[in-house]
Amino acid sequence: MSEKKKFNWKRHFLIFLITLIIFSSGFFLSNFLAEKRMLQITAVQEDLRIDILSLETQFSILAQAPCENLNESTLTQELYEISRRLASISSTLGRNNSYFLRLKKYYSILEIKHWLLLKKAVKECDLDIVSIIYFYSDKKTCPDCENQGYILTNLRGKYPFLRVYSFDFDLDLSAIQALKSIYFLEKNLPIIIINDEVYYSFKAKKELEEILSQYVELESLEEATSTEESDSDGIQP
Amino acid sequence: MILIETLYIAIFLGLYFSIFVLSTFFENRKEIYKGLKKENFPSVCLIVPCYNEGKNIKRTLDSLLNLDYPREKLEIIVVDDGSKDDTFLKAKAFEKRTKQVRVFRKENGGKYTALNYGLLKTKAQFIGSLDGDSYLDSKALKKVMKYFEDKKIMAVISTIKISEVKNIIEGIQYIEFLIAAFLRKVFSILDSLNVTPGPLSVFRREVYKILGPYRKAHQTEDLEFAFRLQKANFKIAHAIDSLVYTKACPTFKSLFHQRLRWRRGLLLNLKDYLELLNIKKHGNLSFLLYYSVIASFISIVLVGYIFWKIGFFFLEKINNFLLVGLDYFNLFSFQPDWILFNLGLIRPTLILGFLSLVAILTYIFLSKKLTFDKKSITKNTVFYLLLYVFLNAIWWISAFFFILVRKDISWQ
């Protein structure tokens, strides 16, 4: 056998090492870019925190809801935008990534603050807004959650008077525990709370629309706002 | 998920192979072309086996007579393997014109029988073969013969190019042949070529004396003969600058049939020559043969992964439709987060897949440069990159299937 035909183990080992380095670099680069992206989300969350604080402060200063100047829909859009970005992060880094979980906790707190503020605004400014709190979990614990999330996203796009706040039932966060305890929630997922009324297990689109029709006249609102854009992946980060 | 893991294995092996091939090429880049120390013209006989090549034989023989090689040293033997068209008559016309050409006719028995028939009719020191649908560049033979200055070299193959591209199928083959030319050069540097293709391969006469004539070899006698040479540790070189032009398969059906024959032939001949997989005995050749079999499995899994993803995408859309009814926004929305990226987040598959793409484009670029190719190939390259992986998987699956059900295939 000629020298060149011979299988040179040393050479192949070296090539293996080089391939391994290049291969790992691909993963490192991908993670590096994902982490950079997370920093951007942190910044957006900071903005939202400031906006919420600012609105809270407005309420406090005026000692009554500044109903004429109230523009909570911008805040809602910011909230949904974060949710959308978080969803994309989770599919890249995995739902159990520690940094992602931190961001998710922070996001959940912002949601609760937003929800509280909205409740106050609805009461004081007499707004026609319905808030939905939605508890979900991963596929194993709750096989229907993905579909439920999709329906809620669709409804949210269809009826702009809807505000949907989604929470991971298993997220280890005291604020979520508090939320669960005030509604005496059992783990029978998915759970939907519409204007303080708790509904357990999967609800089809029609069922939800029927429930919603108890609070508002859906048809008139749908017609008035049918041009609103819907988000396809906002409910379940 | 086993499919995504296979995708990573595929990328890893692809990168490994590319680094191996490119590093070998650049280390040996001074040996790519063969310089000539002293002009020497030994006698050469080129056998042209043909079956129903009436449309092509004139061009083939014209190109042979036009070769830049001393006439008295070049003999052309046409063996008509029982054609049903006017191949024989057309070839005979050449015989009348010049003594250089001799034409024989025999009963149809397959390409290998035509080659063996030709072998019996010549006493030349070097014997080559050229398919009846191919034609040569006028310098092709001289460039091949330079390699025989090295006494250890027993066979030399040429670079095959697609003569004409009229549709996408032919365009894909054009790129495939470009890549093959580059890879064959690298394999020849490693003394590990595993094919002596029909369109111009030349052998020393003693090769046939020692190894015997061609065999049926599962309709891939050119592959089997190379395996036999390798088993005997005979050196095969690749004259990358010796250009042979051949017709591409014009339809998907004809291409499918040809590639099925090649892949089935590779697997069955490999089964017959299992000792070539002994890495201690056959070194890089074994490595490359292992690689080609593993790559076949990977290409099948890769295509399976793509189809699984496409299927999943449609199932999801149907599921969503059932959940919320017709929702135009979601129906037409496309989340490109499958394997590559996700809302600006780059996945490892994108980065590593991009590197694999760079490797393939490097092969094409280098091959184009080394074979003096001036044609614009952008469109063909795009089609190759988009479709080849699917075609290759179909050919491999079919080859495995034909072997499993023990189904034979015809040469044509």
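Residues numbered from 1 in each chain as written. Chains lettered and ligands numbered in written order. Predicted model: local features only at pLDDT ≥ 70, side-chain atom pairs only at ≥ 80, totals over all residues. Heavy atoms only, no water.

Turning to the sheet that holds strand β8 (residues 235-246) of chain B, a few remarks are in order. All names here are of chain B. The 8 strands lie next to each other as β3-β2-β1-β4-β7-β6-β8-β5, forming an open sheet whose pairing is mixed. Each edge of the open sheet is held by one strand with a lone partner, namely β3 (101-105) and β5 (134-136). On average, adjacent strands in this sheet sit at an angle of 30° to one another, irrespective of strand direction. Packed onto the sheet, helix α6 (residues 168-189) meets β6 (153-162) and β8 and runs at close to 155° relative to β6. Of the strands in this sheet, β6, β7 (201-204) and β8 touch helix α8 (residues 221-231), which is tilted by about 160° from β8. (Pairing = 2+ DSSP bridges. Helix = DSSP H or I, 4+ residues; strand = E, 2+ residues; numbered from the N terminus. Axes fitted to C-alpha atoms, helices over the stretch in contact; angles between N-to-C directions. Contact = heavy atoms within 4.5 Å.)

The next thing to look at is the packing of aromatic side chains. Describing an aromatic ring pair means giving the distance of the ring centres and the angle of the ring planes. Summed over the entire model, instances satisfying the criterion amount to 40 aromatic pairs over all chains. Between A:Phe7 and A:Trp9, the ring centres sit 4.5 Å apart and the planes meet at 70°, which makes this aromatic pair edge-to-face. Both rings, one in A:Phe135 and one in A:Phe169, keep their centres 5.7 Å apart while their planes meet at 80°; by these two values the pair is edge-to-face. Taken together, the residues span a long stretch of sequence, with A:Phe135 in strand β1 (residues 130-136) and A:Phe169 in the loop between β2 (162-168) and α5 (174-182) at a distance of 34 residues. The same class applies to A:Phe135 as to A:Phe169, namely buried. The structure contains a cluster of three or more aromatic residues connected by ring pairs, namely A:Phe7, A:Trp9, B:Tyr16, B:Phe17, B:Phe20, B:Phe187, B:Phe287 and B:Tyr291. (Phe/Tyr/Trp six-rings, centres within 6.5 Å; stacked < 30°, edge-to-face > 60°. Buried < 20%, exposed > 50% of the residue type's maximum accessible area, 1.4 Å probe, protein only.)

Turning our attention to unusual backbone geometry. Here the amide bond leading from A:Leu189 into A:Pro190 is cis, since omega sits at -5°, within 30 degrees of zero. Note on placement: A:Pro190 falls in the loop between α5 and β3 (191-194). A positive phi angle, near 75°, is found at A:Asp196, a position not held by glycine. Among the structural elements, A:Asp196 can be located in the loop between β3 and β4 (197-200). Its relative accessible area of 45% is what places A:Asp196 among the partly exposed residues. If you check the backbone angles, B:Asp191 has positive phi at about 50° while not being a glycine.

Next up on the list: the pattern of salt bridges. By the definition in use, this model includes 22 salt bridges over all chains. The closest approach of N and O atoms between A:Lys104 and A:Asp168, which form a salt bridge, is 2.8 Å. Here the residue A:Lys104 occupies a position in helix α3 (residues 98-125), and A:Asp168 occupies one in strand β2, the gap between them amounting to 64 residues. A:Asp168 carries the same exposure label as A:Lys104, and that label is buried. A salt bridge links B:Asp62 to B:Lys58; its shortest N-O distance comes to 2.9 Å. A residue pair is termed a helical-turn pair when its members lie 3 or 4 positions apart in one helix, as B:Asp62 and B:Lys58 do in helix α2 (residues 57-65) at 4 residues. Here B:Asp62 falls in the partly exposed class, since its relative accessible area comes to 26%. A single salt-bridge network, built from bridges that share partners, covers B:Lys58, B:Asp62 and B:Arg97. (Salt bridge = Lys/Arg side-chain N within 4 Å of Asp/Glu carboxyl O.)

To continue, consider the confidence of the model for chain A. The predicted coordinates ought not to be read in detail in places where the model reports low pLDDT. Of all residues in chain A, 73% have pLDDT values of 70 or greater, and the mean over the chain is 77. For chain A, helix α7 (residues 218-224) of chain A is the element with the lowest average pLDDT, namely 52, and β3(A) is the one with the highest, namely 92. (pLDDT = per-residue confidence, 0-100.)

Our focus in this paragraph is the state of the cysteines. By the definition in use, this model includes 1 disulfide over all chains. Covalent S-S linkage joins A:Cys142 and A:Cys145, the inter-sulfur distance amounting to 1.9 Å. Between A:Cys142 and A:Cys145, the disulfide has an S-S torsion of 95° and is therefore right-handed. By the burial criterion, A:Cys142 is buried, and A:Cys145 matches it. Note on B:Cys50: no disulfide assigned, nearest cysteine sulfur contributed by B:Cys45 at a separation of 13 Å. A residue is classified by how much of its surface remains accessible, and B:Cys50, at 3% relative accessible area, is buried. No disulfide involves B:Cys249; its nearest neighbouring cysteine sulfur is the one of B:Cys50, lying 18 Å away. The exposure class assigned to B:Cys249 is buried, which follows from its relative accessible area of 10%. (Disulfide = S-S within 2.5 Å.)

Now for the pairing of β3(A). Strand residues, when the strand is regular, have side chains that alternate between the two faces of the sheet. Residue and element names in this part refer to chain A. Side chains Ile-191 and Ile-193 of β3 all project onto a buried face; the interleaved residues Ile-192 and Ile-194 project onto the opposite face, where all are buried too. Where β1 lies against β3, 4 bridges are found, and the strand directions are antiparallel. From the neighbouring strand, Tyr-134 faces β3, where its bridge partner is Ile-192. Of the pairings in the sheet, the one linking β3 to β4 comprises 4 bridges and is antiparallel in character. Pairing of Ile-191 across the sheet is with Tyr-200, part of β4. Linking two consecutive strands that pair antiparallel, namely β3 and β4, is a turn of 2 residues; a positive phi of about 40° is found at Asn-195 within it.

Residue and element names in this part refer to chain B. Taking every second residue as pointing to the same face, both faces of β7 are buried, with Ser-201 and Phe-203 on one and Val-202 and Arg-204 on the other. Direction of pairing for strand β4 (residues 126-129) relative to β7: antiparallel, over a ladder of 4 bridges. The residue of β7 that forms the bridge with Gly-128 is Val-202. The pairing of β6 with β7 spans 3 bridges and is classified as antiparallel. Directly across from Val-156, in β7, lies its bridge partner Val-202.

Bringing the confidence of the model for chain B into the picture now. All names here are of chain B. Of the residues in chain B, 92% have a pLDDT of 70 or more, and the chain-wide mean is 87. Contacts for the low-pLDDT stretch residues 331-344, under 50 throughout, to residues beyond four places or in other chains number 38 contacts. ipTM for the predicted complex: 0.80, alongside a pTM of 0.77.

Let us now look at the nonpolar core. Membership of the largest hydrophobic core comes to 65 residues, with the highest contact counts inside it found for B:Phe182 and B:Leu229. For this core, the leading source of residues is α6(B), giving 12 residues. Each residue touching B:Leu229, except ones within four places of it in the same chain, is listed here: B:Met154, B:Ala155, B:Thr196, B:Phe203, B:Val207, B:Leu211, B:Phe234 and B:Ile236. Membership of the second largest hydrophobic core comes to 46 residues, among which are A:Leu110, A:Phe135, A:Ile191 and B:Leu323. (Core = buried A, V, L, I, M, F, W, Y, C linked by side-chain atoms within 4.5 Å.)

Moving on: helix α10 (residues 279-324) of chain B. All names here are of chain B. If you look at α10, its biggest bend is around 65°, right at Leu-285. Residue Asn-278 occupies the N-cap position of α10, its side-chain oxygen lying 3.0 Å from the main-chain nitrogen of Lys-280. In the stretch just after α10, Gly-325 is the one whose phi turns positive, near 80°. (Bend = angle between axes of the 7 residues up to and from the residue. Polar contact = N/O pair within 3.5 Å; in protein donor to acceptor, adjacent residues only side chain to side chain.)

What follows concerns helix α6 (residues 205-213) of chain A. Residues and elements named next belong to chain A. Along α6, the residues that are buried comprise Lys-205, Leu-208, Glu-209, Ile-211 and Leu-212. Down the axis of α6, the sector holding all buried residues measures 160°, keeping them to one side. Away from the buried face of α6 by more than 90 degrees, exposed residues Lys-206 and Glu-210 are located. (Arc of directions from axis to C-beta.)

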